[in-house]
Amino acid sequence: MTDAQETAADTSLRTTGGAPPDDVAPAPIPLLEPREGIPPVVTTDDALARVIASFAGGTGPVAVDAERASGYRYGQRAYLVQLRREGAGSALVDPVGCPDLSGLGTALDGTEWILHAATQDLPCLRDIGMTPTSLFDTELAGRLAGFPRVGLGAMVENVLGYALEKGHSAVDWSTRPLPDPWLRYAALDVELLIDLRDALEEELERQGKLEWAREEFDAIAAAPPAPPRKDPWRRTSGMHKVRRRRQMAVVRELWTTRDQVAQRRDVSPGKVLGDAAIVEAALALPVDVQALTALPGFGHRMGRRQLEQWQAAVDRAKALPESALPQPGQQPAGPPPPRSWADKDPAAAARLSAARAAVSELAERLHMPQENLITPDTVRRLCWEPPKNPTPGAVEDALAGYGARNWQIRQVAPLLVRALDATG
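If you look the chain up in an unreviewed UniProt entry, it shows as HRDC domain-containing protein from Streptomyces sindenensis.

Structure below.
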């Protein structure tokens with residue numbers, strides 16, 4: 001085998017998650033160790049000032065990660081921020097002790113931030129004053145490069161040959177003091193992020209996808225904060241069982257009361273009252289606390305005061321005039337569910353079938369998930385209401401209007417033009 005063939009085989013193995021032949025025993029994967037040990041947690045303004053100076057004087061991109069307490073605390077605030085940069089080493093910053101990290105954000109202005117699954121961490125980082133102007137998302141890079149598993153542990157193992165410690169991703173990061181094993185886990189999350197970024201950049205360049213990735217990263221960095229959800233109570237799990245408007249009012253009142261209690265106590269809403277219990281109360285419309293207690297989720301372990309609180313919410317909903325009851329959920333903007341297209345518009349169903357097949361084939365050729373090549377919602381919208389004259393220019397304009405990036409438009413527009421033409 002030539003050197004070039006060996007390189008290609010090694011790249012194929014890394015990007016497809018393949019395994020060595022049966023007769024070759026896999027080499028043990030070394031467990032990653034912090035190069036400088038676990039850094040002390042920064043909890044004071046003086047310590048933060050030293051970190052800011054150190055990272056401002058560093059070179060190259062900065063690896064950034066954040067830990068939240070999802071499922072334990074109200075909201076999605078950051079409870080630990082991890083950073084690493086050449087010349088500065090690693091830092092662990094406690095946003096509880098140092099709630100304003102805008103000075104750190106300013107010091108890193110203009111620096112490329114490396115994050116894994118950036119859209120998950122950017123909202124909580126933004127809340128404490130840290131917003132990148134340039135970023136590299138190693139998870140998204142892995143998707144575009146065709147890796148079948150894009151979790152950080154899998155990527156570090158497949159690309160760099162190290163194993164990350166596991167087991168602390170879902171712990172309560174609001175715990176104080178944070179145990180040393182958790183801090184070790186957190187520090188390792190940024191230990192090799194810069195090396196991973198460099199290897200993925202090289203792989204994307206080899207595949208001719210680096211400019212595509214840069215467009216994606218720029219779009220993430222430029223995206224504004226998501227607006228608050230309208231009527232978030234409608235997303236209660238099991239809501240599909242609730243048909244009547246009076247029952248919907250009970251869900252709304254219980255959901256709102258629960259949210260207020262959870263925010264006041266700073267705990268996850270699900271720890272205050274489960275979605276299933278809310279739906280049970282809405283369906284049953286209990287007449288008093290005794291009837292409420294008989295419902296699943298409102299058992300004997302719940303105190304009398306809590307039960308009275310929930311019954312009061314039910315009673316408020318039951319007392320509303322008809323005019324104040326919530327309306328059935330509005331149909332989301334855009335096309336109906338594809339399963340109904342064959343009956344509603346057979347021509348649109350044919351267009352969608354052809355478009356999906358073309359996109360699927362191209363995504364397979366490019367070794368990336370279909371949803372990263374072009375979002376399914378964009379394809380549905382284009383096929384439901386195509387341009388009156390589906391010329392290449394018209395289709396490209398429509399895709400751009402739906403938020404497709406330039407590289408996506410170049411790849412899929414010709415296929416979609418043919419799909420629209422072939423089905424009339």
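A.B. asks: What am I meant to see in the overall build of the chain here?
C.D. replies: Of regular secondary structure, the chain possesses 20 helices and 6 strands. Residues classed as buried in the chain amount to 44% of the 424 residues present. Put simply, of all contacts in the chain between residues at least 6 apart along the chain, 67% involve residues at least 24 apart. On the chain, roughly 21,800 Å² of surface is accessible, and the fraction owed to carbon and sulfur atoms is 51%. Taking the average place of the 48 positive charges on the side chains of the chain and the average place of its 56 negative ones, the gap between the two points comes to 11 Å.

A.B. asks: Is there a simple way to explain the environment of V379 in this structure?
C.D. replies: Locating V379 in the fold gives a position in helix α18 (residues 376-384). With a relative accessible area of 5%, V379 lands in the buried category. As for V379 and V359, which are separated by 20 residues in sequence, their C-alpha atoms are 9.0 Å apart. Setting aside chain neighbours within four positions, we find V379 in contact with L352, A355, V359 and I374.

A.B. asks: Honestly, the packing of aromatic side chains in this entry has me stumped. Any pointers?
C.D. replies: Between two aromatic rings, the relevant description is the distance of the centres plus the angle of the planes. For the coordinates displayed, the defined rule picks out 5 aromatic pairs. Ring centres of W341 and W384 lie 4.8 Å apart, and the angle between their planes is 45°; this geometry places the pair in the tilted category. Here W341, found in helix α15 (residues 341-344), pairs with W384, found in helix α18; they are 43 residues apart in sequence, far enough to count as distant. For W341, a relative accessible area of 0% corresponds to the buried category. A residue is classified by how much of its surface remains accessible, and W384, at 21% relative accessible area, is partly exposed. Three or more aromatic residues joined by ring pairs form one cluster here, namely W173, W182 and Y185.

Thresholds applied
- Residues numbered from 1 in each chain as written.
- Predicted model: local features only at pLDDT ≥ 70, side-chain atom pairs only at ≥ 80, totals over all residues.
- Heavy atoms only, no water.
- Helix = DSSP H or I, 4+ residues; strand = E, 2+ residues; numbered from the N terminus.
- Buried < 20%, exposed > 50% of the residue type's maximum accessible area, 1.4 Å probe, protein only.
- Contact = heavy atoms within 4.5 Å.
- Areas by Shrake-Rupley, 256 points an atom, 1.4 Å probe, with all protein chains shown as cover.
- Lys, Arg positive; Asp, Glu negative; His and termini not counted.
- Charge placed at Lys NZ, Arg CZ, Asp CG, Glu CD.
- Phe/Tyr/Trp six-rings, centres within 6.5 Å; stacked < 30°, edge-to-face > 60°.

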